[in-house]
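Inside the fold
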Amino acid sequence: MAEARDRVGGRVLATQIDGQLIESGGQWISPGNEQMHELVRQAGLELVGPREGSLLIRSQGSVMRSQQSSGHSRTLSPFETADLGQGVVRFRRLAERTVSDPTWTAANQTWLAQPLSRWIKTNVRTPAAQHDFASALSSVLGAVSSGVELGDALQASNTGIDLEALFAVGGGLKLRRVVGGMHQLIDHLADQVSERIQLDTVVTGISHSDDGVVVHTAGGEQIEARTALVTLPPWLALQLDYSPQLPEWRYEAVKRTTPGAAIKAFVIYERPWWRESGLSGQMSADEGTIRTTFDVTEPDGPGVLTGLFGGAEAVSMSALGSAARERAFVDSLAAVFGPIARQQHTYVDYDWLADPFTRGCHTPHFAPGIWSMNGQQLAEPYGPVHFAGAEYAGKFNGYMEGAIRSGREEAKAIAREIG
Ligand SMILES: Cc1cc2nc3c(=O)[nH]c(=O)nc-3n(C[C@H](O)[C@H](O)[C@H](O)COP(=O)(O)OP(=O)(O)OC[C@H]3O[C@@H](n4cnc5c(N)ncnc54)[C@H](O)[C@@H]3O)c2cc1C
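Labelled according to an unreviewed UniProt entry, the protein appears under the name Flavin monoamine oxidase family protein, originating from Brooklawnia propionicigenes. Listed under Cofactor (unreviewed entry) in UniProt, the entry text for the protein is "FAD".

What follows is about the overall build of the protein. Scanning the protein from N- to C-terminus turns up 15 helices and 20 strands. Going through the 419 residues of the protein one by one, you find that 50% of them count as buried. Long-range pairs, those at least 24 residues apart, make up 71% of the contacts in the protein with a sequence separation of at least 6.

All right, on to the sheet that holds strand β10 (residues 222-225) then. What the four strands build is an open sheet, ordered β10-β9-β8-β12; its pairing is mixed. The open sheet has two edge strands with one neighbour each: β10 and β12 (241-243). Across the sheet, the mean angle separating the axes of adjacent strands is 15° when strand polarity is ignored. As judged from the four bridges shared by strand β9 (residues 212-217) and β10, these two strands associate in the antiparallel manner.

Residue proline 244 is reached from serine 243 by a cis peptide bond, and omega for that bond is -5°. By the secondary structure assignment, proline 244 is in the loop between β12 and α11 (248-255). Positive phi, close to 65°, is recorded for aspartate 300, a residue that is not glycine. Structurally, the position occupied by aspartate 300 is in the loop between β16 (292-295) and β17 (303-310). Among the residues examined, aspartate 300 registers a relative accessible area of 85% and is labelled exposed. In this structure, phenylalanine 396 is a non-glycine residue whose phi angle is positive, near 60°. Among the secondary structure elements, phenylalanine 396 is positioned in the loop between β20 (385-387) and α15 (400-417). By relative accessible area, which is 6% here, phenylalanine 396 ends up buried.

Here we come to the pattern of salt bridges. Under the defined criterion, the tally for this structure stands at 10 salt bridges. Across the pair glutamate 298 and arginine 177 runs a salt bridge whose closest N-O atoms are separated by 3.3 Å. Here glutamate 298, found in the loop between β16 and β17, pairs with arginine 177, found in strand β7 (residues 176-178); they are 121 residues apart in sequence, far enough to count as distant. Assigned by exposure class, glutamate 298 and arginine 177 land together as buried.

Bringing the sheet that holds strand β4 (residues 47-48) into the picture now. Strand order in the open sheet made by the three strands is β3-β7-β4, with antiparallel pairing throughout. Sheet topology places β3 (28-29) and β4 at the edges, where each strand pairs with a single neighbour.

It is worth spelling out the UniProt feature "binding site: FAD" (unreviewed entry) in the protein at this point. Listed under "binding site: FAD" (unreviewed entry) in the UniProt record, and renumbered for this structure, are Glu3, Ala4, Val203 and Glu391. Of note, glutamate 3 is situated in the segment before β1 (14-17). Since its relative accessible area comes to 21%, glutamate 3 is described here as partly exposed. Ignoring any residue separated from it by four or fewer positions in sequence, one finds glutamate 3 in contact with Ile197, Gln198, Leu199, Asp200 and Thr201. Here the side chain of glutamate 3 touches arginine 5 through a polar contact of 2.8 Å, landing on its backbone nitrogen. Following the sequence through the fold, glutamate 391 ends up in the loop between β20 and α15. A relative accessible area of 1% places glutamate 391 in the buried class. A polar contact is formed between the side chain of glutamate 391 and the side chain of arginine 11, at a distance of 2.9 Å.

Here is what the cut-offs are and how they apply
Residues numbered from 1 in each chain as written. Predicted model: local features only at pLDDT ≥ 70, side-chain atom pairs only at ≥ 80, totals over all residues. Heavy atoms only, no water. UniProt positions renumbered as here; feature names shortened; annotations may be inferred. Helix = DSSP H or I, 4+ residues; strand = E, 2+ residues; numbered from the N terminus. Buried < 20%, exposed > 50% of the residue type's maximum accessible area, 1.4 Å probe, protein only. Contact = heavy atoms within 4.5 Å. Pairing = 2+ DSSP bridges. Axes fitted to C-alpha atoms, helices over the stretch in contact; angles between N-to-C directions. Salt bridge = Lys/Arg side-chain N within 4 Å of Asp/Glu carboxyl O. Polar contact = N/O pair within 3.5 Å; in protein donor to acceptor, adjacent residues only side chain to side chain.

As structure tokens, then:
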């Protein structure tokens, strides 16, 4: 197993800053992530949910305090609940149609490019249900008000978002993270094959013939095998030199896919001061560079809030540098929590766009029609060269659960192939 970095884990990354655990990549698993739950259980790790307490919502310049940390601003009336339910059904049907009817999807690309916020206003009637619909989707897509397109949201719901979990009454997101960090699961899995992992080994190309494959590395090594499983994200996988060359449609499909951009950022305070006033540390804002935060304080640790610069914001903040990002994060916090957020702190972040062995993230955005027409095909092998990873998964695409499912499927296919 050739791994370019000097560590295993890829987009799951843990570091220690002043003794505090910082998880800069994949961290949360949700109720539908069955295989991740099973692996965590087998590894004997413990899960914990987001911090209990009130959620702060900043909307149109004013800050509201909800009684739950679930993303629901208040209890909906029966009429509003029915309205929300209808909106979810409409949304789900539409999402299914984009997959089942590629001709319709291709013909309606302009309509699918409308802002998700506009679709919500037209299809969900009551302001409270509109708000809950938008805030639940914002927590996974980035702020709906910032111009997320309907087509992207539908594609995410087909592949990654568990809508039932998002909207479950009183349940909200039901996210869980591993106490002590997700990297422990990676270490547990890597320990089982440690003697076969070659770190610091950058793969540059793969040639294949009827006899098998030869994997070429930057160090000049040639690794021979019967099959190869490429687990790089598609936009990096296609940069390898293939002989014979991959079919053109693969390049076309990936060219029309935006890898996504994410900088995961942390503000570390001496203590989790928000808890003293009954707050969960979660916020959801309709403006500002950071619009959602979570409390990821470890037991007895300093207070830690995390948030994500995403999409176009991440691209411009990547160029501005860490000091500007720190100011932007703290400004976003102060706009919601008040000046207390400006107290002494340490700031750290990780820019995945700048990392040569990721070059993007959090989840890719396939251009309308691409996923339904070519997406699933991307996971098909090319002779003895197989592909797997989060972006090849039919379900939970872009998430750890998707990576595990896709990897296992391809491992089974290879086992069948080589008998
Ligand atoms: C900020 C952030 C937050 C996230 N949050 C969540 C979350 O809360 N929940 C969730 O489920 N998912 C989350 N994700 C997504 C999740 O981390 C990924 O979907 C998942 O880890 C991808 O796994 P993978 O094995 O497909 O790809 P990767 O982890 O990217 O693995 C690819 C591997 O290939 C290696 N590689 C690259 N190029 C070469 C080369 N030329 N030669 C050899 N090796 C190479 C890389 O070093 C890496 O180890 C998040 C991601 C980010 C960045």
